[in-house]
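Working through the structure, step by step
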Amino acid sequence: VDAATPLDLANRWLFVTDLAQQSWCEQQVFYKFRPPRDTDDLLSVDIPNPSVEKGSIIHLAREAELHTKVPVPTTTKEDAFAVTVINIIGSLRRLLSGSPMVREMPIFGMPFDLGIFVSGIIDQVQCDPESMHYDIWELKTRSSMSVPSGAQKDSTKIQVMLYKKMLDDLILNRITHRMIEKHRKVDLYLELSLSVQAECPGSENNLHQLLSVLFDMGQKMTCVSQLFVEYCYQEDKSAIALEEVQYDEAWLCQKITHYSEFWYGKREVCGVDIEEAWKCHSCDFQDHCAWRAMKADEYTRKCTQQKQIK
Ligand code: SF4
């Protein structure tokens, strides 16, 4: 008997994109962690498609306009997590010292105290120097000159709202050393490698000290004001649309709570509804998907019954 929950399969922590994609199709997210049977050769999910590649190049170019990436050798998982913390400290420090924006800022948190550690990377945080309001911008590149469907927008809505929730939680001091120790399973007092210590803002040499710097810095910020999604055309990088997302904490909490039941194995995985079967046409798992096969059977049975009644 396989007692592993989806959260176990995901190593007990998630990316923001896992939760955002869950709104598109939960079954598809599950298959990323446990591919369907007889699909050993189904590696297409790992083959970057041209549109994704073009999008990554645009993201990297935007980041390079503001920051230079410095590779930091890491040895332990504590080192790797410390680099994330150092990057957040660097971003907050730039914002607090008057930079109008930072890009590719990591963030982590435990939204709504559901016991699930989540991490992500915010495309852009902007600061209005007069009001000192912080806004989050998410860049979505498109292969056509149009905004996406409502279903894709819902996924992006969850993504940007989670960024705000986690950044606000950091600012409001709702993240603790203990949470990180417990849920990322890191030793907060393990001495960091010298290559990582060299990048620390001061003389910190372990995660506990680094996190204290981060939490102190967070308290100097104010909560995120507005959320925007910028759609840009991949071919010529021209703007398609800029849309504001209204933050709705109750809606987000209800969604993430429902999603968490799947991660904890409290309910069965759910695929797309029959009305949204169009999503399956672009899915790598469409020929092997148990959910899709089950829905197709249900549909055939229903049609047969209706014919018999007539
Ligand atoms: Fe989801 Fe459809 Fe893909 Fe199955 S085939 S994982 S239901 S999108």
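Refer to the structure presented above.
This report concerns the structure included in the present document. Nothing here was measured: the structure is a model prediction, and the numbers come from that model. (Residues numbered from 1 in each chain as written. Predicted model: local features only at pLDDT ≥ 70, side-chain atom pairs only at ≥ 80, totals over all residues. Heavy atoms only, no water.)

**Structural notes on the pairing of strand β2 (residues 101–109)**
Along any regular strand, the residues point their side chains to alternate faces of the sheet. Inclusion rule: Throughout, exposure labels follow a simple rule: accessible area from a 1.4 Å probe, protein chains only, divided by the maximum for the residue type, with under 20% read as buried, over 50% as exposed, and the rest as partly exposed. Helix numbers and strand numbers start at the N terminus; a helix is a DSSP run of H or I with at least 4 residues, a strand a run of E with at least 2. Two strands qualify as a pair provided that DSSP identifies no fewer than 2 bridges between them.
Counting buried positions along β2 yields 7 of 9 residues, so the element is predominantly enclosed. By the bridge criterion, 8 bridges tie β2 to strand β3 (residues 117–128) in an arrangement that is antiparallel. Bridge pairing in β3 links Val 102 to Val 125.

**What about the environment of Thr 74?**
Selection criterion: Whether two residues touch is decided by their heavy atoms; if any such pair falls within 4.5 Å, the residues are in contact.
Among the secondary structure elements, Thr 74 is positioned in the loop between α4 (50–66) and α5 (77–96). Among the residues examined, Thr 74 registers a relative accessible area of 40% and is labelled partly exposed. Separated by 67 residues in sequence, Thr 74 and Leu 7 place their C-alpha atoms 26 Å apart. Every residue in contact with Thr 74, bar those within four places of it in the chain, is listed here: Asp 79, Ala 80, Val 83 and Val 196.

**Considering the site of the ligand**
Selection criterion: In this text, near means that some heavy atom of the residue lies within 4 Å of the molecule or strand in question. Each residue is assigned to one class: nonpolar for Ala, Val, Leu, Ile, Met, Phe, Trp, Tyr, Cys and Pro, charged for Asp, Glu, Lys and Arg, and polar for all the others, Gly among them. Residue ranges assigned to the domains are those given by an automatic or database domain assignment.
Taken together, Cys 25, Gln 27, Gln 28, Val 272, Cys 280, Cys 283, Gln 286, Cys 289, Trp 291 and Arg 292 make up the full set of residues adjacent to the ligand. Each residue belonging to the shell around the ligand can be placed in one class, and the counts come to 6 nonpolar, 3 polar and 1 charged. Of the residues that make up the shell around the ligand, three or more belong to each of domain 1 (6–270) and domain 2 (272–310).

**Focus on unusual backbone geometry**
For Glu 104, which is not glycine, the phi torsion reads 55 degrees and is therefore positive. Structurally, the position occupied by Glu 104 is in strand β2. On the basis of relative accessible area, Glu 104 is assigned to the partly exposed category, the value being 22%. At Asn 173, a position not held by glycine, the phi torsion is positive, near 65 degrees.

**Thoughts on the pattern of salt bridges**
Here the idea is simple: oppositely charged side chains can pair when their charged atoms come close. Using the following cut-off: In the sections that follow, a salt bridge refers to a side-chain nitrogen of Lys or Arg positioned within 4 Å of a carboxyl oxygen of Asp or Glu.
According to the stated counting rule, one finds 18 salt bridges in the structure shown. The salt bridge involving Lys 153 is made with Glu 243; its shortest N-O contact spans 3.2 Å. Of this pair, Lys 153 sits in helix α6 (residues 150–171) while Glu 243 sits in strand β6 (residues 239–245), and the two are 90 residues apart along the sequence. Residue class for Lys 153 comes out partly exposed when judged on its relative accessible area of 25%. A residue is classified by how much of its surface remains accessible, and Glu 243, at 25% relative accessible area, is partly exposed. Arg 267 serves as the salt-bridge partner of Glu 261, at 3.8 Å between the closest nitrogen and oxygen. One network of salt bridges, in which partners are shared, links Lys 165, Asp 169, Arg 174 and Glu 249.

**Describing the packing of aromatic side chains**
As a reminder of what qualifies: Centres within 6.5 Å make a pair out of two Phe, Tyr or Trp rings, where for Trp the six-membered ring is used; the pair is then stacked when the planes are under 30 degrees apart, edge-to-face when over 60, and tilted otherwise.
The tally for this structure, following the rule as stated, stands at 11 aromatic pairs. With a centroid separation of 5.1 Å and 45 degrees between ring planes, the pair formed by Phe 81 and Phe 108 is classed as tilted. With Phe 81 in helix α5 and Phe 108 in strand β2, this residue pair connects regions lying 27 residues apart in the sequence. Taken individually, Phe 81 and Phe 108 each receive the classification buried, so the pair is uniform in this respect. With a centroid separation of 4.9 Å and 65 degrees between ring planes, the pair formed by Phe 262 and Trp 263 is classed as edge-to-face. Each of the two residues, Phe 262 as well as Trp 263, counts as buried. Clustering of aromatic rings is evident, with ring pairs tying together Trp 13, Phe 15, Phe 81, Phe 108 and Phe 117.

Distances and angles like these do not, on their own, reveal function.
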